[in-house]
Amino acid sequence: MNLGFSYVGLIYLAMLFIPNLFWTKNKPENYDVYVKNENRTLKIFESIGQVSVSCVVLIFKDFNFTIKPWTIWLALSFSFMVLYEVYWLRYFKSKKTMKDFYGSMLCFPVPGALLPVISFLLLGIYGKNIILIIATLILGIGHIGIHINHKKEI
């Protein structure tokens, strides 16, 4: 693992946060009702994971693009981030209901939560960075768990 700025990490964070900024003005109706019922433990995992992933992807230059056989992991990771953007386009074009927000996409039951987690996990594999892998697993436990519970409540 090599310390240094990761422009790939910055691109991933932009792909993650920009749609979420638009979402703050386009939340599904009654979303706040579901937030009140979130599991406290899952919320802690999610928060720790969010901060950890956001920091780690920026401070290790191992995530930057290089051509090598291992690059297939970066291509797969980026593909999942592109799917994540497609998920958001689909949501923003919808009526913005909870069913729209939690509707399955391809084989992914909660794509808004699952796709970025898979993407960052694959980025950790590409960068051979155990810290990002662990941080992403922590994020995944919380983030995916919370959103699966929301989907069950619908």
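Residues numbered from 1 in each chain as written. Predicted model: local features only at pLDDT ≥ 70, side-chain atom pairs only at ≥ 80, totals over all residues. Heavy atoms only, no water.

Phe101, Phe120 and Leu123 are the most contacted members of the largest nonpolar core, which totals 38 residues. With residues near it in sequence (within four places) discarded, Phe120 still touches Tyr12, Leu13, Leu16, Val53, Val57, Leu132 and Thr136. (Core = buried A, V, L, I, M, F, W, Y, C linked by side-chain atoms within 4.5 Å. Buried < 20%, exposed > 50% of the residue type's maximum accessible area, 1.4 Å probe, protein only. Contact = heavy atoms within 4.5 Å.)

Attention now moves to the layout of surface pockets. In this structure, the largest pocket encloses a volume near 590 Å³. Residue lining of the largest pocket: 31 residues in total, with Asn20, Glu46, Gln50, His143 and His147 positioned closest to the centre. Mapped onto the lining of the largest pocket, the elements with two or more residues apiece are helix H1 (7-23), helix H2 (31-35), helix H3 (40-59), helix H4 (71-93), helix H6 (111-126) and helix H7 (130-153). Its residues placed into classes, the lining of the largest pocket shows 19 nonpolar, seven polar and five charged. (1 Å grid on protein atoms, 1.4 Å probe; cavity = no way out; pocket = protein on both sides within 12 Å on 5 of 7 lines; lining within 4 Å. Points joined across faces, edges and corners; volume = space filled by probe spheres on them. Helix = DSSP H or I, 4+ residues; strand = E, 2+ residues; numbered from the N terminus. Nonpolar A, V, L, I, M, F, W, Y, C, P; charged D, E, K, R; others polar.)

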